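An overview of the molecular structure
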Amino acid sequence: MSERVESAEVALMTEIASLYYVEGETQEAIANRLGISRVKAGRLLKRAHAEGIVDVRVRQHPAVSAEIEQALIRRFGIKRALIALDHTEPDVQRSGVASLVADHLSRELHDGSIVAVGMGRNVGSVADNVFEQGERKCSFVCAIGGSLRAGEYMNPDHICRRLAMKYGGESETLYAPALVQNPALRDSMYENPTVRQTLDRARRADIAMIGVGDLSEDSNMVRMGWFTPQEIAEARLSGTVGDMMGYDFIDMHGRPSETPMQGRVIGLTITDLARIPDVVAIASENTKAAGILGALRTGVIDTLATSVTNAHTILRLDEATTSTAS
């Protein structure tokens, strides 16, 4: 297809999308107006979606989640809760939660901001849901090392690059593996000047975006083969309910878990996160309620982004476990 023909089709797709979404015309009316078939009008409208000419976002009204957000704020002393409507499709659910985080980022970022970026599908989805244009001289710094098994989408380096591209900022890679064989090797890596420099910058972040993991069969750690099935099973038996970005395993009460899996990941720790003004924990999957509760009980989370179902489950679980403990 020649460049001239391609440009003409792009112009036609743009016109059809404008008539349909902005003017409120039906596909049949558009077809009659432009002298094309209704089938072609529909096909070009779909192409406009695929080509990125059209970006449809459904924003929930603040009143929908306001009550449960306030309940979470009161219960756990966090600054804010970002609660997305439930959806049966996991990717759509993840996108809904990530969209709220992207909006939060767009409101909070300013020239000079530093964002420490974690690993995982939920954090990666935030970069896909940034739609606001407007350059900011901010920095996105890896808060955890990388992993070949994670693939580009979930690796913090690639997430940082995508975010920097969206906001016109810069990204900084942590040149280290996410997981090493033992705590001694991890401590040795921390002494490396390059690793130390990047982590020191991440510690000075204004915002940290982290995922909350669980020990389900679909968790990142299991799928990437970081730990053996036996290690996962033993961690569950020891009371481990999840992790915060892969480096700190926690129990239901937010305490460090007694598991050999602890202390092998190169990245910021809970102590480091406690010094960052806005730690945003992102978890869309309904298997993560216990892990999210443990993360909230550490006291380092400032902003929680999750689903309505998770929010209700967390509140009920907190009430039940608090009653049991007392």
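Anyway, here's the lowdown on the structure attached to this text. All of these numbers come straight from a predicted model, not from anything done at the bench. (Residues numbered from 1 in each chain as written. Predicted model: local features only at pLDDT ≥ 70, side-chain atom pairs only at ≥ 80, totals over all residues. Heavy atoms only, no water.)

Before going further, it helps to spend a moment on the side chain of N129. For N129, the position within the fold is in the loop between helix 6 (121-128) and strand 3 (139-142). Here N129 falls in the buried class, since its relative accessible area comes to 8%. Within the local environment of N129, its side chain forms a polar contact with the side chain of S95, the two groups lying 3.0 Å apart. (Helix = DSSP H or I, 4+ residues; strand = E, 2+ residues; numbered from the N terminus. Buried < 20%, exposed > 50% of the residue type's maximum accessible area, 1.4 Å probe, protein only. Polar contact = N/O pair within 3.5 Å; in protein donor to acceptor, adjacent residues only side chain to side chain.)

Closest axis-to-axis distance for the helix 6/helix 8 (residues 156-167) pair is 8 Å, and the angle between their directions is 20°. The angle between the axes of helix 6 and helix 8 places the two elements in the roughly parallel class. For the pair helix 6 and helix 8, the sense of crossing is left-handed. Every residue of helix 8 that contacts helix 6 at V123, G124, V126, A127 and D128 is listed here: I159, R162, L163 and K166. (Axes fitted to C-alpha atoms, helices over the stretch in contact; angles between N-to-C directions. Parallel < 35°, antiparallel > 145°, perpendicular 65-115°, else oblique. Left-handed = near helix turned anticlockwise from the far one by under 90°. Contact = heavy atoms within 4.5 Å.)

Let's shift gears to the pairing of strand 3. Of the two faces of strand 3, both are covered, the one formed by S139 and V141 as well as the one formed by F140 and C142. Bridge count for strand 2 (residues 114-117) against strand 3 is four bridges, and the pairing is parallel. Within strand 3, the position partnered with V115 by the bridge is F140. Summarising the sheet, strand 3 and strand 4 (residues 170-172) pair through three bridges and their orientation is parallel. Counterpart to S139 in the pairing with strand 4 is E170. (Pairing = 2+ DSSP bridges.)

Let us look at the pattern of salt bridges. Applying the stated rule across the entire model yields 17 salt bridges. Note that R75 is salt-bridged to D318, the shortest N-O span being 3.0 Å. Of the two residues, R75 is situated in helix 4 (residues 62-76) and D318 in helix 15 (residues 308-325); the sequence distance between them amounts to 243 residues. Its relative accessible area of 7% is what places D318 among the buried residues. Between R80 and D278 there is a salt bridge, with the nearest N and O atoms lying 3.4 Å from each other. Taken together, the residues span a long stretch of sequence, with R80 in strand 1 (residues 80-84) and D278 in strand 8 (residues 278-282) at a distance of 198 residues. Taking relative accessible area as the criterion, D278 reaches 6% and is therefore assigned buried. Via salt bridges that share partners, D91, R94, E285 and K288 belong to a single interconnected network. (Salt bridge = Lys/Arg side-chain N within 4 Å of Asp/Glu carboxyl O.)

Counted according to the given criterion, the structure contains one aromatic pair. Ring centres of F140 and Y167 lie 5.9 Å apart, and the angle between their planes is 25°; this geometry places the pair in the stacked category. With F140 in strand 3 and Y167 in helix 8, the pair connects residues that are 27 residues apart, well separated along the chain. The exposure class of Y167 is buried, given its relative accessible area of 1%. (Phe/Tyr/Trp six-rings, centres within 6.5 Å; stacked < 30°, edge-to-face > 60°.)

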